[in-house]
Each structure stands twice: as structure tokens, then as C-alpha cells.
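# Per-entry structural report
Here is what each chain is made of, one letter per residue.
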Amino acid sequence: MPELPDVENFRRYFTAKSLHQRITDVNVLSADLRKCVSGPELTRRLKGRRFESTRRHGKHLFVRADREVWLHLHFGMTGSVHYFKGEQEAQPHTRVLFILAKDYRLAFADQRKFGEVGLVEDIDEFLKKRALGPDALDFDLAKFKGPLAKHRGALKSVLMHQQIIAGIGNIYADEILFRARVHPATKISALDERAAMKLFRAMRYILEKAIDCQADAKQMPKSWLLSHRRKGGKCPRCGRELRSSTISGRTAWFCPHCQKRAP
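Residues numbered from 1 in each chain as written. Predicted model: local features only at pLDDT ≥ 70, side-chain atom pairs only at ≥ 80, totals over all residues. Heavy atoms only, no water.

### Regarding the pattern of salt bridges
Put simply, the rule is: Salt bridge, as applied in this entry: a Lys or Arg side-chain nitrogen positioned within 4 Å of an Asp or Glu carboxyl oxygen. Per the convention used, a helix needs a DSSP run of H or I reaching at least four residues, while a strand needs a run of E reaching at least two, with both numbered from the N terminus. Relative accessibility decides the category of a residue: with a 1.4 Å probe and only protein chains considered, values under 20% of the type maximum give buried, values over 50% give exposed, and everything between is partly exposed.
By the definition in use, this model includes 14 salt bridges. Across the salt bridge formed by Arg45 and Glu41, the nearest N and O atoms sit 3.7 Å from each other. One end of the pair is Arg45 and the other is Glu41, both in helix α2 (residues 39-46) and four residues apart, which spans about a single turn. Of the charged contacts, one joins Asp174 and Arg229 as a salt bridge, the two residues approaching to 2.5 Å between their closest N and O atoms. Separated by 55 residues along the polypeptide, Asp174 in helix α6 (residues 170-180) and Arg229 in the loop between α7 (193-212) and β9 (243-247) bring together distant segments of the chain. Residue Asp174 shares its accessibility class with Arg229, and that shared class is buried. When salt bridges with common partners are traced through the structure, they connect Glu8, Arg11, Arg12, Arg56 and Asp135 into a single cluster.

Here it is in C-alpha cells:
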């Protein structure tokens, strides 16, 4: 599932490829992804405009189409964007196709159809209605400790709670906790000042490094948990076998030796 580093790279890709080109048409190939907007309205509001700027918040991407409206994209579990010349074939599972000037295309593809395509007039109001917390990369240490102090439960579930911290999903929550040497089931109340600082620094490092690696697992450090988090996988730090546990309905992978559970 695309998480903050993936969506940030989608944002950069969109910015590099598709800004300032006139939208000549919008081809809606699947109605399942449209939220609060019809296909004809999506076409009417965007046709003849240009994508002018981009903004990301958590796992959500916003693209300004004019002074009054933003295109909103949420990538669900399998969403992506792809820019190509007209004579090339669109990606499989393309759901919305933006036709641009000079016969270029921008495709929003989503195999499992859990993504969203919509129009937003006020991003801040949208974030408020969705009750989304601050973006994970907008925290400083003081702001990070504040939300933690107000919530109970396991750290893994809190890191993934979009109303507390927007942008972190299952994979990067595991990676952050592994780097901080914190067991995913550790209760927030068990964190002292030093552990909270380590967790914050781990969050910043993992997300920023993943962005630099273009959210590509093949480019990420071999010392990370990512390529080892499977049955029979070994801890890249100590070599012991990894374990998994279900926390708040999600599978957490961890090293029981390097990430000891607080008593």
C-alpha cells in the first residue's frame, strides 16, 4: 500500500512531468474511484485548465488545477500515476486518463480500486473533515511528544493512526520501530523521554531516506527490516529469526531480541 514516501515520489513525478500543460480532455474509465464528483463534472472542471502546483498531506496528493479547485488523488492499496506519449499503451488497470497537450497522457491506475479521485476546493477544510492529523514530516520533537502523551495503546497502532500522524502505514511503522529498537506492542505509557526522542528521530530518518530511495525497496539499505519481514526472515542486525504478531488487526514484523518488549 502506498505510504508517505511513495506518495511524495508520486508528487515529485507529477510535478516533473505534468505541470503547466493544457488538459484537453479527461477520460474516466472507472466510476468506482470517483468521490463526490461525476465523470462529466470532473471533465468539465478540468478540461482546458492546467495543473499548476502540487501538495501532499500524508497519503493524499492534491494538484491545483486553477484558483478554485484541486484534483485530489488517494492511492488506496495499488494506485500509481504514469506519464506517457499518446502512441504508447496506458498502464494496465488505468482508471482515469488525463489527456494533455501535444498528445501526452497522465494515467491514474489502480488495480484493486481502493483509491480515490475527486475535486477539492479547500484542502485545509478537506483535512479537517477527514480528521487527519499533521503530516508525519511536519512534526518537530515537541509536537511529536504531544499527541503521544494524549493517547493510549500500542505504539504500532498509534504510528499508523491517520488521525494522529498522517502518512505512516504498516511497512514503515515496522521499519521505524525496528530502527528505534522498540517492540511494536510497547504501550505509549512505557516510553520515557529518551525513547520518545529515539522514536521521533527514527521516524524522520526512515521516511526521508525512503523518499531519497524513491520508495523502491531495491534501493533501500540492506540493514533495514523491509526485505526480511517474512516467515523465516532473519534480523539484519543480529541474525536471529524475525517474528510476527497481530496488533490492532495488522501484522507487525519485529526482532524479539533487538526489540524487547517493555515489562
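### Let's talk about a nonpolar patch on the surface
Formally: Excluding any residue in a salt bridge, patches collect residues exceeding 30% relative accessible area, merging like charges within 9 Å and nonpolar Val, Leu, Ile, Met, Phe, Trp and Tyr side chains within 5 Å. Computed with a 1.4 Å probe, the accessible areas rest on the Shrake-Rupley method; for each residue, only the protein chains presented here act as cover.
A cluster of nonpolar side chains, Met1, Met77 and Phe114, forms an exposed patch at the surface whose accessible area comes to about 290 Å². Looking at where Met1 falls in the secondary structure, it is placed in the segment before α1 (4-18). Under the relative-accessibility criterion, Met1 is labelled partly exposed at 47%.

### A look at the layout of surface pockets
Applied cut-off: Lining residues are defined by having an atom within 4 Å of a point belonging to a cavity or pocket. Those points lie on a 1 Å grid over the protein atoms alone, cavities being sets where a 1.4 Å probe fits but cannot get out and pockets being open sets with protein on both sides within 12 Å along at least five of seven lines. Grid points are joined across faces, edges and corners, and a volume is the space filled by probe spheres set on the points. Three classes are used, and their members are as follows: Ala, Val, Leu, Ile, Met, Phe, Trp, Tyr, Cys and Pro are nonpolar, Asp, Glu, Lys and Arg are charged, and the others, Gly among them, are polar.
Approximately 310 Å³ is the volume found for the largest pocket. Lining the largest pocket are 17 residues, with Cys36, Leu119, Val120, Glu121 and Phe126 positioned closest to its centre. Going through the elements one at a time, α2, β8 (116-120) and α3 (123-129) are the ones with two or more residues in the lining of the largest pocket. For the lining of the largest pocket, the residue count by class is six nonpolar, two polar and nine charged. Taken as a whole, the second largest pocket encloses approximately 180 Å³ of empty space. Lining the second largest pocket we find Ala180, Arg181, Val182, Thr186, Ala190, Leu191, Asp192, Arg194, Ala195 and Lys198. With three residues, the top contributor of residues to the lining of the second largest pocket is α7.

### Quick word on the packing of aromatic side chains
The geometry of two aromatic rings is summed up by the distance between their centres and the angle between their planes. Just so we agree on the cut-off: For this analysis, a ring pair means two rings from Phe, Tyr or Trp (six-membered ring only for Trp) whose centres lie within 6.5 Å, classed as stacked if their planes differ by under 30 degrees, edge-to-face if by over 60, and tilted for the remaining angles.
Within this structure, the stated rule accounts for nine aromatic pairs. Pairing Phe75 with Phe108 gives two aromatic rings, centres 5.6 Å apart and planes at 40°, and the pair type is tilted. Of the two residues, Phe75 sits in the loop between β4 (70-74) and β5 (79-85) while Phe108 sits in strand β7 (residues 104-110), which places them 33 residues apart along the sequence. Phe108 shares its class with Phe75; the two are buried. Ring geometry for Phe144 and Phe200: centres 5.5 Å apart, planes at 50°, overall tilted. On the criterion of sequence distance, the pair formed by Phe144 in helix α4 (residues 141-150) and Phe200 in helix α7 is long-range, its members being 56 residues apart.

### Section: the sheet that holds strand β2 (residues 53-57)
Heads up, the rule is: Two strands form a pair only when DSSP identifies at least two bridges running between them. Whenever a helix is involved, its axis is fitted only over the stretch in contact; in every case the axis is a line through C-alpha atoms, and angles between N-to-C directions fall within 0 to 180 degrees. Working rule for contacts: check all heavy atoms of both residues, and any pair within 4.5 Å makes them a contact.
Pairing is antiparallel in the open sheet, where four strands are placed in the order β2-β3-β4-β8. If you trace the sheet from one side to the other, it starts and ends with β2 and β8, each paired once. Between one strand axis and the next, the sheet turns through 20° on average, direction left out of account. Relative to β4, strand β3 (residues 60-64) runs antiparallel, the two being bridged by five bridges. Directly across from Val63, in β4, lies its bridge partner Leu71. Contacting β2, β3 and β4, α1 runs over the sheet at an angle of about 175° to β2.

Honestly, that's just the spatial picture; any functional story needs more than this.
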